[in-house]
Amino acid sequence: MDFQYVLIIIGIILAVLLLYFGFTRFIKNKDLSQEVVSTINIDELLKALGGKDNILDVASSPSKLTVTLKSHDGIDIDKIKELGASGIVEGKENLSMIFGKQSSLIAQDLKNNL
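Bear in mind that the values here come from a model prediction, so they are computed numbers and not experimental data.

(A) Focus on the overall build of the protein. Looking only at helices and strands, the protein features four helices and four strands. Its helices and strands in sequence order give the protein the pattern α-α-β-β-α-β-β-α, from N to C terminus. Computed over its C-alpha atoms, the radius of gyration of the protein comes to 26 Å, more than 25% above the 13 Å expected for a compact globule of 114 residues. In terms of principal-axis extent, the alpha carbons of the protein reach across some 85 × 25 × 20 Å. The buried share among the 114 residues of the protein stands at 25%. In the protein, the share of contacts with a sequence separation of at least 24, taken over all contacts with a separation of at least 6, comes to 60%. Roughly 8,300 Å² of accessible area belongs to the protein as shown, and the carbon and sulfur atoms make up 57% of that amount. Averaging the locations of the 12 positively and 14 negatively charged side chains of the protein gives two centres separated by 5 Å.

As structure tokens, this is what we get:
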């Protein structure tokens, strides 16, 4: 082998090692604990649901947010739709709202505010 080929091989090995250690150091130092919050105004949603005192329980599925309520009297359906709900189903004791993929984030924000 020529001396040039040996230098090229050594250079490639050094470049691969530098990239490996650089990426591993970058990944270790990256802060992965970023807080993700919903994009809707939780205070307005709470107000549209009749306030904090009207909410007994909050549950979510991948696309639906279900809230157990004391009373259906103070609910503003139009405001909830304005906030982004694509569908609303009223039950005897609960209210189910379809917010799509954000439902679990909204549920977590509601629980944090209660």
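(B) Quick look at the pattern of salt bridges. Enumeration over the complete set of coordinates arrives at two salt bridges. For lysine 79, the salt bridge identified is with glutamate 44, shortest N-O distance 3.0 Å. Here glutamate 44 lies in helix H2 (residues 42-48) and lysine 79 lies in helix H3 (residues 77-82), a separation of 35 residues in the sequence. The class of lysine 79 is partly exposed, set by a relative accessible area of 22%. Between glutamate 82 and lysine 79 there is a salt bridge; the shortest N-O distance is 3.3 Å. With glutamate 82 and lysine 79 both in helix H3, this residue pair falls three residues apart, about one helical turn. With relative accessibility at 62%, the residue glutamate 82 sits in the exposed group. Taken together, the salt bridges that share partners define one network made up of Glu44, Lys79 and Glu82.

About the cut-offs
Residues numbered from 1 in each chain as written. Predicted model: local features only at pLDDT ≥ 70, side-chain atom pairs only at ≥ 80, totals over all residues. Heavy atoms only, no water. Helix = DSSP H or I, 4+ residues; strand = E, 2+ residues; numbered from the N terminus. Rg over C-alpha atoms; globule rule 2.2 N^0.38 Å. Buried < 20%, exposed > 50% of the residue type's maximum accessible area, 1.4 Å probe, protein only. Contact = heavy atoms within 4.5 Å. Areas by Shrake-Rupley, 256 points an atom, 1.4 Å probe, with all protein chains shown as cover. Lys, Arg positive; Asp, Glu negative; His and termini not counted. Charge placed at Lys NZ, Arg CZ, Asp CG, Glu CD. Salt bridge = Lys/Arg side-chain N within 4 Å of Asp/Glu carboxyl O.

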